[in-house]
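# A structural walkthrough
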Amino acid sequence: MAIILTETEAKTLLQKVLSYSKADECEVNLLGEQRGNIRYARNEVSTSGGQINQNLTVQSAFGKKVGVASIDEFDDESLQKVVRRSEELAMLAPENPEYMGVLEPQTYGKSNGFFESTANVTPAKRADAVAQSLSQTREKNLVGAGFLEDSRGYNAMMNSKGLFAYYPSTNVNFSLTVRTPDGKGSGYVIRGFSDFKKLNTQTATQIAVQKCLGSAEARALEPGKYTVILEPTAASVLLENIFFSLDARSADEGRSFLSKPGGKTKLGEKIVDERVTIYSDPANPELPASPWSGDGRAQEKTNWIEKGVVKNLAYSRFWAKKKGVKATPFPNNLIMAGGTSSMEAMIKSTKRGILVTKLWYIRSVDPQTLLLTGLTRDGTFFIEDGVIKYPVKNFRFNESPIIMLNNLEELGIPERTVSTESDRNYLIPPMKIREFTFTSLSDAV
Amino acid sequence: MNRRDFMQLTGLSAGAFMLPDIPVFGRNVAPEALLDNAIDVATKKRLADAALNAATAKGATYADIRIGRYLNQFVITREDKVQNLVNTESYGVGVRVIADGCWGFAAVVDAKSEAQTAKAAEEAVAIAKANAKLMKEPVILAPQKGFGEVSWKAPITKNAFEVPIKEKVDLLLTVNSAAMKNGANYVNSVLFMVNEQKYFASTDGSYIDQDIHRMWPNFTVTAIDPQSGKFATRDSLSSPMGMGYEYLQANPTDSVKGITTRYNMGYDMLEDVTAAARQAKEKLSAKSVEAGKYDLVLDPSHLWLTIHESVGHPLELDRVLGYEANFAGTSFATLDKWQSKNFNYGSKEVTLFADKTQPGSLGAVGWDDEGVKTKRWDLVKDGTLVNYQAIRDQVHIIGENESQGCCYADSWGSVQFQRMANVSLAPGKTPLSVEDMIKDVKKGIYIIGDGSFSIDQQRYNFQFGGQLFYEIKDGKIAGMLKDVSYQSNTQEFWNSCAQICDERDYRLGGSFFDGKGQPSQSSAVSHGSSTTRFNGVNVINTGRKI
């Protein structure tokens with residue numbers, strides 16, 4: 001059997017599994033995935049490989065006693081075995097007071113996240129994409145280290161109330177660090193797409209090369225508060241800490257930056273600049289995502305922060321019922337609305353500031369305020385009177401994305417980018433922020 | 001599984017949402033399946049010989065095979081509820097070869113026949129030959145003698161997988177109840193158990209069977225002040241260990257008494273959570289630190305992470321050479337500094353060593369994942385940089401002809417590569433207790449437990465938080481502080497090392513989730529130290545208002 005099942009094949013397999021169930025309720029999740037990669041360093045391919053993964057997970061329930069078992073072999077005997085095992089585990093389990101039962105069939109919107117161009121990438125095509133990058137760093141006597149990984153797969157689910165969901169998707173991420181042989185300059189680029197055709201490793205490499213050459217012989221500036229222009233990937237590693245903290249239960253329990261004294265939350269309150277709108281939309285053509293969540297709930301276009309105001313929080317079905325609200329699931333993608341400024345225009349309008357290519361090693365310092373620390377890396381430049389003047393040494397920052405989005409100056413045009421911390425893809429604009437807090441200098445290049 | 005996935009699975013990251021797409025890291029199985037002897041040594045040898053012979057027949061000049069069965073068990077609770085019981089198993093085979101001077105690798109899941117392992121070997125040779133065309137310099141592999149048929153087993157006394165789930169659940173629910181009784185608003189607790197059953201064979205003539213156990217009990221206690229809306233957490237002071245369930249059966253001699261109890265080779269979870277609940281509340285009203293220079297007294301439960309980031313990583317030879325440039329980064333500790341033989345990594349007090357043999361440590365094994373017998377070696381001797389961590393295809397670069405034995409893969413399906421050994425700070429040679437060390441400090445902070453951590457890609461500039469901070473004034477502990485982080489530079493920091501307590505205070509800390517490589521692999525590693533004093537370190541105040 002193929003690893004990537006069609007909708008019909010997945011449906012047939014899931015129906016077969018459910019036919020073996022003797023539990024009160026049964027839910028089956030199915031996935032298949034194939035990945036291929038090339039890694040290179042010191043201008044040489046260092047490793048290449050692939051991964052295949054398929055998994056079927058059965059959740060059986062007798063009343064509120066729930067058992068889960070999974071398997072990666074799909075012959076009839078294995079399928080019967082995994083159903084029996086989940087039922088045995090359910091019998092042995094204590095009652096789960098938070099078990100909500102399986103969902104009725106849902107209606108899902110359309111979202112196209114599967115591209116043949118990516119699904120059909122061959123080792124030769126992968127090697128060719130990398131060759132277009134390697135040839136440039138070799139020719140220019142620079143040192144390239146990069147990673148290209150493409151994936152294709154599907155998720156499907158079915159339950160004993162007749163809910164069925166299927167979503168196929170593809171993705172390719174490409175990242176590259178280019179360094180001067182003496183180690184004094186370093187530049188970076190990262191790209192992520194659903195459609196392999198959109199990936200141009202040649203032009204991406206030109207950006208990393210340019211940043212590498214431009215960053216050599218960096219000067220030291222005093223740490224302190226600066227106006228910064230964050231490229232989308234730099235902004236994403238800060239903003240995703242807001243996204244990861246959208247959980248309503250943590251906010252209600254008083255242990256989130258969205259909590260308030262007296263057991264209240266900031267839902268409905270303005271927490272950042274009114275130009276900030278952050279939403280999820282599975283149907284966005286630039287960042288398509290599955291229109292259903294892992295437990296079968298429909299993913300609708302949802303505003304999380306609208307004009308600076310917290311509009312929605314994410315709920316488990318249990319917590320939503322307890323609170324008597326709609327059970328909005330955690331989103332499958334996140335998009336920040338932008339402005340109209342180009343990067344060039346943002347630089348031009350900056351009297352004194354710093355252009356940040358990438359932020360690295362982001363860690364939470366204080367979850368109460370979402371204070372984060374980390375460092376700039378691979379291309380940090382001083383801007384004066386509207387032009388990039390010279391490269392500067394890297395800084396460590398201590399800053400909260402909430403404070404940062406209150407100090408918003410300007411937003412650019414959103415583009416698809418990849419978080420270098422979580423590997424997740426986002427649609428995020430470049431942004432200009434005033435009074436961004438750099439606390440020390442780093443000698444790292 | 002990496003750190004982020006673990007935090008999401010277990011709900012240990014305060015306030016973070018349980019994301020829907022936790023990657024599968026093995027199939028779920030019944031708990032009793034974890035006790036099966038999946039495959040006997042004689043069968044493994046047959047599978048291995050089939051692969052090695054097939055590789056050689058196709059033209060490989062070297063081949064090795066790893067037959068791995070990886071078991072994980074998680075027991076996850078919050079307050080009075082069991083949130084999740086997870087048992088996973090992953091079994092498969094990875095074959096690595098050198099053909100035409102180039103590495104090739106192929107892996108196969110659930111391989112139980114000689115035909116399957118032979119086919120994987122042939123694929124690995126084909127990949128090596130294809131990649132050889134892109135290669136300029138052939139692999140130089142340090143020679144390694146074969147050890148014949150040998151075995152190694154972690155020196156555990158109680159296999160955690162044999163302890164009934166009910167006993168584990170009861171322990172955690174008792175721990176949670178103690179936290180709530182002592183003033184916690186919330187408590188999350190987890191037992192995480194690992195067993196790696198690994199068989200390695202190579203064309204050097206080694207057939208090595210190893211049984212590795214790891215264990216990590218931990219919790220996070222949260223206290224909330226409803227009036228101010230402030231919350232504070234205190235994580236457990238346990239350490240992940242290369243031990244069995246005996247780690248949870250602490251003897252009084254395993255406890256280190258002081259301002260708070262810390263633990264050595266045994267952990268009293270109930271005692272620690274009771275202290276944690278009170279301390280989480282105390283943190284809410286602790287004094288906010290005044291930024292400035294302080295002498296730091298760092299407990300081993302904290303210092304392990306600083307050693308990991310500022311010594312373990314920069315002295316990995318593959319980073320020094322640029323193989324990790326696109327992800328984890330390179331290193332300030334370049335070859336010229338090592339060649340000079342006079343690079344002052346730290347003060348004269350500082351000797352840092354790598355060790356793959358220490359009993360109870362996470363990195364301890366008999367042989368590494370390319371069949372090299374493990375050992376101990378110095379990295380920094382009396383303050384001077386003297387060596388790196390390197391494996392068979394790298395040691396020629398540092399003029400040695402024998403690997404240091406620190407090669408590891410996190411799964412049968414991952415390619416083995418250079419990973420950090422246990423890297424530890426040697427205890428002081430002069431008798432010195434923690435109390436005597438604190439007596440001499442005029443203006444300082446005593447830090448216990450690990451917290452926030454961040455370091456640049458060449459390992460110069462770092463910032464660390466902690467779990468508990470105590471102000472030291474004129475040789476006495478003056479009370480709890482909050483909003484503390486220190487920032488320094490690796491060389492400056494280790495040169496500010498003034499005193500190290502003696503071996504009586506030597507303890508291990510460590511991590512299950514040292515991430516490296518693309519695709520990323522996780523490795524478990526321990527770091528030992530005694531309480532250590534660093535003079536004049538820059539402390540910042542991390543308190544903010546939003």
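Within every chain, residues take consecutive numbers counted from 1 along the sequence as written. Ligands are numbered from 1 and chains lettered from A, in the order in which they are written. Confidence filtering applies because this is a predicted model: local features only for residues at pLDDT of at least 70, side-chain atom pairs given and counted only at 80 or more, and all residues used for totals across whole chains, interfaces and linings.

## Structural notes on the overall build of chain A
Condition: What counts as a helix is a DSSP run of H or I of at least four residues, what counts as a strand is a run of E of at least two, and both are numbered from the N terminus. With C-beta atoms placed from the backbone, the exposure class of a residue follows from how many other C-beta atoms lie within 10 Å of its own: 20 or more, buried; 12 or fewer, exposed; in between, partly exposed. Each residue is represented by a C-beta atom placed from its backbone, and any two residues with such atoms within 7 Å are regarded as in contact.
What chain A contains, in helices and strands, is ten helices and 21 strands. Taking the principal axes of its C-alpha atoms as reference, chain A extends roughly 70 × 60 × 35 Å. The buried share of chain A, reckoned over its 445 residues, is 54%. Considering only contacts in chain A between residues 6 or more positions apart, those separated by 24 or more positions represent 74%.

## Brief notes about the UniProt feature "domain: Metalloprotease TldD/E N-terminal" (unreviewed entry) in chain B
Condition: UniProt positions are given in the numbering used here, feature names are shortened, and annotations may be inferred rather than shown by experiment.
With numbering aligned to this structure, UniProt lists the feature "domain: Metalloprotease TldD/E N-terminal" (unreviewed entry) at residues 63–128 of chain B. Taken end to end, residues 63–128 of chain B has its terminal C-alpha atoms 11 Å apart, with 23% of it in helix and 65% in strand.

## With respect to the interface of chain A and chain B
Contacts between the two partners involve 76 residues from chain A and, on the opposite side, 51 residues from chain B. It is strand S2 (residues 44–62) of chain A that provides the largest number of residues to the side of chain A that touches chain B, a total of nine residues.

## Things to note about the UniProt feature "domain: Metalloprotease TldD/E central" (unreviewed entry) in chain B
Per the UniProt entry, the sites bearing "domain: Metalloprotease TldD/E central" (unreviewed entry) are residues 161–284 of chain B in this numbering. The straight-line gap between the two end C-alpha atoms of residues 161–284 of chain B is 38 Å; of that span, 27% is helix and 38% is strand.

## Considering the domain arrangement of chain A
Residues and elements named next belong to chain A. Formally: Reported domain spans reflect what an automatic or database domain assignment gives. Any residue that is not Ala, Val, Leu, Ile, Met, Phe, Trp, Tyr, Cys, Pro, Asp, Glu, Lys or Arg is counted as polar, Gly included; the first ten are nonpolar and the last four charged.
Here chain A is partitioned into domain 1 (7–212) and domain 2 (219–445). Spacing between the C-alpha centres of domain 1 and domain 2 amounts to 25 Å. Listed by partner, the interface residues are 31 residues for domain 1 and 25 residues for domain 2. For the side of domain 1 that touches domain 2, the residue count by class is ten nonpolar, 17 polar and four charged.

## Structural notes on the sheet that holds strand S13 (residues 352–355) of chain B
Within a beta sheet, neighbouring strands are joined by backbone hydrogen bonds and run either parallel or antiparallel to one another. Residue and element names in this part refer to chain B. Applied cut-off: Only strands that DSSP links by at least two bridges are regarded as paired with each other. Every axis corresponds to a line fitted to the C-alpha atoms, with the helix fit spanning only the stretch in contact, and the corresponding angles, defined between N-to-C directions, vary from 0 to 180 degrees.
Spatially, four strands are ordered S15-S14-S13-S18 in an open sheet, and the strand pairing comes out antiparallel. The open sheet is flanked by strand S15 (384–385) and strand S18 (422–425), the only strands paired with a single partner. Pairing between S13 and S18: four bridges, direction antiparallel. Across the sheet, Ala354 pairs through a bridge with Val423, a residue of S18. Of the strands in this sheet, S13, strand S14 (376–381) and S18 are in contact with helix H6 (residues 300–312), which crosses S18 at around 110°.

## Re the nonpolar core
All names here are of chain B. Selection criterion: By convention in this section, buried Ala, Val, Leu, Ile, Met, Phe, Trp, Tyr and Cys residues joined through C-beta atoms within 7 Å make up a nonpolar core.
Within the largest apolar cluster, 255 residues are counted, with the highest numbers of intra-cluster contacts made by Ala51, Ala55, Val95, Val97, Ala121, Ala124 and Ile445. Among the elements that take part in this core, strand S6 (residues 186–202) stands out by supplying ten residues, more than any other. If we ignore the near neighbours within four places in the chain, the residues touching Ala124 are Ala55, Val95, Arg96, Val97, Gly104, Phe105 and Ala106.

## Description of the UniProt feature "domain: Metalloprotease TldD/E central" (unreviewed entry) in chain A
Those residues carrying the UniProt feature "domain: Metalloprotease TldD/E central" (unreviewed entry) are residues 124–196 of chain A in this numbering. Span residues 124–196 of chain A is 22% helix and 56% strand, its end C-alpha atoms 14 Å apart.

## Brief notes about the sheet that holds strand S5 (residues 164–179) of chain A
Residues and elements named next belong to chain A. Taken together, six strands build an open sheet; the order of strands is S3-S2-S1-S4-S5-S6 and the sheet is antiparallel. For this open sheet the edge positions go to strand S3 (65–71) and strand S6 (186–193), each flanked by a neighbour on one side alone. Taken pair by pair, the neighbouring strands of this sheet meet at an average axis angle of 15°, ignoring direction. Here 14 bridges tie strand S1 (residues 25–41) to strand S4 (residues 143–159), and the two strands are oriented antiparallel to one another.

## Description of the pairing of strand S23 (residues 476–482) of chain B
Residue and element names in this part refer to chain B. Sheet analysis places strand S11 (residues 287–288) next to S23, joined by two bridges and oriented parallel. Considered in S23, the bridge of Ser288 is made with Lys482. Where strand S22 (residues 468–473) folds back on S23, the antiparallel hairpin that results is connected by two residues, among which Asp474 adopts a positive phi of roughly 45°.

## Observations concerning the UniProt feature "domain: Metalloprotease TldD/E N-terminal" (unreviewed entry) in chain A
In the numbering used here, UniProt assigns the feature "domain: Metalloprotease TldD/E N-terminal" (unreviewed entry) to residues 27–90 of chain A. Each end of residues 27–90 of chain A is marked by a C-alpha atom, and these two atoms are 13 Å apart; helix forms 23% of the span and strand 64%.

## Quick notes on the domain arrangement of chain B
All names here are of chain B. Once the domains are mapped, chain B shows domain 1 (3–172 + 180–216) and domain 2 (288–541). On a C-alpha basis, the centroid separation for the pair domain 1 and domain 2 is 26 Å. With 31 residues of domain 1 at the contact, the number on the domain 2 side is 26 residues. When contributions to the side of domain 1 that touches domain 2 are tallied by element, the ones reaching two or more residues are helix H1 (3–10), strand S2 (62–78), strand S3 (81–99), strand S4 (102–109), S6 and strand S7 (206–225). Ranked by the residues each element gives to the side of domain 1 that touches domain 2, the list is headed by S7, at six residues. Among the residues making up the side of domain 1 that touches domain 2, the classes are represented as 17 nonpolar, eight polar and six charged.

## Some words on helix H4 (residues 123–139) of chain A
Residues and elements named next belong to chain A. We count it as follows: The length a helix should cover is 1.5 Å for every residue beyond the first.
The terminal C-alpha atoms of H4 lie 24 Å apart, and with 17 residues this matches the ideal 24 Å at 1.5 Å per residue to within 8%. The complete set of buried residues in H4 reads Arg126, Ala129, Val130, Ser133, Leu134 and Thr137. Among the structural elements, S1, S4, S5 and helix H5 (201–215) are those in contact with the buried residues of H4. Following H4 by one or two positions, Asn141 has its phi on the positive side, about 55°.

## Re the environment of Thr118 of chain A
Residue and element names in this part refer to chain A. If you trace the backbone, Thr118 turns up in helix H3 (residues 116–119). The spacing of Thr118 and Ser194 is 76 residues in sequence and 7.3 Å in space, taken between C-alpha atoms. Among residues more than four places away in sequence, those in contact with Thr118 are Asp150, Arg152, Thr170, Asn171, Val172, Ser194, Asp195 and Phe196.

## Regarding unusual backbone geometry
Residues apart from glycine generally show negative phi values, whereas peptide bonds are mostly found in trans. Between Gln518 of chain B and Pro519 of chain B the backbone carries a cis peptide bond, its omega angle lying at -5°. Of note, Pro519 of chain B is situated in the loop between strand S26 (507–516) and strand S27 (521–529).

## Details of the packing of helix H2 (residues 41–57) of chain B against helix H3 (residues 114–132) of chain B
Residue and element names in this part refer to chain B. Worth spelling out the cut-off: Throughout, a crossing is termed right-handed when the near helix is turned clockwise from the far one, and left-handed when it is turned anticlockwise from it by less than a right angle.
Orientation of H2 relative to H3, taken along the N-to-C sense of each, is 35°, at an axis distance of 8 Å. Here H2 and H3 pass one another in a crossing that is right-handed. Counting all contacts with H2, which are made through Arg46, Leu47, Ala50, Ala51, Ala54 and Ala55, the residues of H3 involved are Glu114, Thr117, Ala118, Ala120, Ala121, Glu122, Ala124 and Val125. Of the residues contributing to the contact of H2 with H3, the split by class is ten nonpolar, one polar and three charged.

## Some details on the packing of helix H4 (residues 165–181) of chain B against helix H5 (residues 269–284) of chain B
All names here are of chain B. To be explicit about the condition: For classification purposes, angles smaller than 35 degrees are called roughly parallel, those larger than 145 roughly antiparallel, those between 65 and 115 roughly perpendicular, and all remaining angles oblique.
One can describe the packing of H4 onto H5 by two numbers: an axis separation of 8 Å at closest approach and a directional angle of 25°. Taken together, H4 and H5 sit at an angle that is classed as roughly parallel. Relative to H5, the crossing made by H4 is right-handed. Residues Leu171, Thr174, Val175, Ala178 and Ala179 of H4 form the contact with H5, whose own contacting residues are Met269, Leu270, Val273, Thr274, Ala276 and Ala277. Taken together, the residues of the contact of H4 with H5 break down into nine nonpolar, two polar and no charged.

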